[in-house]
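# Observations on chain architecture
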Amino acid sequence: MTKRAKLSRIPTQTQQWPGTTADLQPQPDHGESTWTPRGRLDGKRVLITGGDSGIGRAVATISALEGAVVTITCLPEEAGDAKATKKAIKQAGGTCHVIKADLRTAKANQRVVDRAVEKMGGLDVLVANAAFQMTHTQLADFPDGQIERTYSTNVFSPFWLVKAAEKHLAPGDSVIFTTSVQAYSPSEPLLDYASTKAALTNLAVNLAAELGPKGIRVNAVAPGPIWTPLIPATMQPEKISGFGSDTPLGRAGHPVEVAAAYVFLASEEASYISGTVLGVTGGKPVF
């Protein structure tokens, strides 16, 4: 693996939601030129929701480099980043399909799974990564409707995705959720978001018990502070400067640094791992 520049102190910056990769300073590493492939996902067909930028883009990129065919979803507002992700994967010799979708209904999730299976000829790995967050300094500032949006994106969509995907999954296949260190150490400005990640952790454990007898593994990855467009697009500007410096490692992580956990969990190396949460937090506790 090529040595990447570590993220030092991040300067103050803001973006309009949902944010875009091109405007991030410094630019995050998604693995296109720094990841060394080992063929760990050869022949796998991987569906990644929220794959246009950030962690999702890195998971899509290194999964493709590891030999998988990938399909990503994005909101219509994120089509520009999705196009850039697809282009980067193609330039690296991989295959990436894009599906535009708002995942806040059961019907939308069913359609995404159906289209992904059609495009790839099947499904082996499901990564439920799409998420919504917006910070507010006090409870009274949370607008009506936000908690419904946060839960429908972060919890209901993963449930509906697995329900739709189950019939396509076989022994040895896997489901991976993106939870968060917020499930264990919640921040008040992320009140609703943090609670969804706790719920998602519980869902992962329960689904591992439900699908385990079928040979399907279910796990979750809990990122800490990772530098993605979601950060300047949803957090207070004063919180951006020095983002991640409160971790034991003293910095935020690049998307590729957390994406490596997804590749591991999807690979045969993790064939006896199910019902667990793998923290990639820069040293913050996940328990």
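Scope of this entry: the structure provided in the associated data block. This one's a predicted model, so the numbers in the text were calculated from it and none came from an experiment. Along each chain, numbering runs from 1 in the same order as the chain's sequence is written. Given that the model is predicted, a residue must reach a pLDDT of at least 70 before its local features are reported, and side-chain atom pairs must reach 80 or more before they are shown or counted; all residues, however, enter totals for whole chains, interfaces and linings. Excluded from the side-chain calculation are hydrogens and water; included are all heavy atoms of the structure.

Runs of H or I in DSSP of at least four residues are treated as helices and runs of E of at least two as strands, each being numbered from the N terminus. When you go through the protein chain residue by residue, the secondary structure sums to seven helices and seven strands. Along the protein chain, helices (α) and strands (β) appear in the sequence β-α-β-α-β-α-β-α-β-α-β-α-α-β when read from the amino end. Both definitions apply: the radius of gyration is a C-alpha atom measure, and the globule rule equals 2.2 Å times residues to the power 0.38. The C-alpha radius of gyration computed for the protein chain amounts to 17 Å, which stays within 12% of the reference 19 Å derived for 287 residues, consistent with globular compactness. Dimensions along the principal axes, computed over C-alpha positions, put the protein chain at roughly 45 × 40 × 35 Å. When the accessible surface of the protein chain is summed, it comes to about 12,300 Å², and 54% of that surface belongs to carbon and sulfur atoms. Here the protein chain contributes 28 positive and 26 negative side-chain charges, whose respective centroids are spaced 5 Å apart. Note on areas: Shrake-Rupley, 1.4 Å probe, and residue coverage restricted to the protein chains presented here. When charges are counted, Lys and Arg are positive and Asp and Glu negative, with His and the chain ends excluded. Throughout, a charge is located at the NZ atom of Lys, the CZ atom of Arg, the CG atom of Asp or the CD atom of Glu.

Take unusual backbone geometry next. Here the bond from W17 into P18 is cis, since omega is 10 degrees, no more than 30 degrees from zero. Going from Q25 to P26, the amide bond is cis rather than trans, its omega being 0 degrees. As for its position among the elements, P26 is in the segment before β1 (45-48).

Site definitions follow a grid-based scheme: protein atoms alone, a 1 Å grid, a 1.4 Å probe that fits but cannot get out for cavities, and for pockets an open set with protein on both sides within 12 Å along at least five of seven lines, plus lining residues having an atom within 4 Å of a point. Grid points are joined across faces, edges and corners, and a volume is the space filled by probe spheres set on the points. Counted according to the given criterion, the structure contains one cavity of 30 Å³ or more. As a volume, the largest cavity reaches approximately 40 Å³. Mapped by element, the contributors of at least two residues to the lining of the largest cavity are α1 (54-65), β4 (125-128) and α7 (255-266). Following the grouping adopted for this structure description, the nonpolar residues are Ala, Val, Leu, Ile, Met, Phe, Trp, Tyr, Cys and Pro, the charged ones are Asp, Glu, Lys and Arg, and the polar ones are all others, Gly among them. Among the residues making up the lining of the largest cavity, the classes are represented as nine nonpolar, one polar and no charged.

Packed helix pairs are specified by the crossing angle of their axes together with the interaxial distance, meaning the distance between the axes. Angles run from 0 to 180 degrees between N-to-C directions of axes, and those axes are lines fitted to C-alpha atoms, restricted for helices to the stretch in contact. At a minimum axis separation of 9 Å, helix α3 (residues 106-120) and helix α4 (residues 146-165) run at an interaxial angle of 45 degrees. Taken together, the axis directions place α3 and α4 in an arrangement best described as oblique. The handedness of the crossing between α3 and α4 comes out as right-handed. For the pair formed by α3 and α4, the contact residues are A106, N109, Q110, V112 and V113 on the first element and S157, W160, L161, A164 and A165 on the second. For the contact of α3 with α4, a count of residues per class yields seven nonpolar, three polar and no charged. With respect to orientation, any angle under 35 degrees is reported as roughly parallel, any angle over 145 as roughly antiparallel, any angle of 65 to 115 as roughly perpendicular, and every other angle as oblique. Whether a crossing is left-handed or right-handed is set by the direction in which the near helix is turned from the far one by less than a right angle, anticlockwise for left-handed and clockwise for right-handed. Any two residues whose heavy atoms approach within 4.5 Å at even a single point are treated as in contact.

Our next topic: the environment of V181. Tracing the backbone through its elements, the reader meets V181 in the loop between β5 (174-178) and α5 (191-211). Exposure remark for V181: the relative accessible area of 7% places this residue in the buried category. Taking C-alpha positions, V181 is 15 Å from I231, a pair spaced 50 residues apart along the chain. Those residues within four positions of V181 in sequence are excluded, and the remaining contacts are A222, P223, G224, T281, K284 and P285. Three exposure classes are used, based on accessible area relative to the maximum for each residue type with a 1.4 Å probe and protein chains only: buried under 20%, partly exposed in between, and exposed over 50%.

Of all six residues that make up strand β2 (residues 69-74), five are buried, and the element is covered over most of its length. Summarising the sheet, β1 and β2 pair through four bridges and their orientation is parallel. By the bridge assignment for β2, R45 is matched with V69. Once the chain exits β1 it traverses α1 before rejoining the sheet at β2, and the crossover so formed is right-handed. Strand pairing is assigned whenever DSSP detects at least two bridges linking the two strands. Orient the strands so they point away from the viewer; a crossover is then right-handed if the path from the first strand over the helix to the second runs clockwise.

In this analysis, the expected span of each helix is defined as 1.5 Å times one less than the number of residues it contains. The end-to-end C-alpha distance of α3 is 21 Å, a good match for the 21 Å that 15 residues give at a rise of 1.5 Å each. Among all positions of α3, only A108, N109, V112, V113, A116, V117 and M120 are buried. An end-on view of α3 places all buried positions within 165 degrees of arc, on one side of the element. Of the exposed residues in α3, those oriented more than 90 degrees away from the buried face are K107 and E118. Residues of α3 that are buried in the fold lie against β1, β2, β3 (95-100) and α4. Downstream of α3 by a residue or two, G121 has a phi angle that is positive, lying close to 80 degrees. In this description, the arc belongs to the directions extending from the helix axis to the C-beta atoms.

Distances and angles like these do not, on their own, reveal function.
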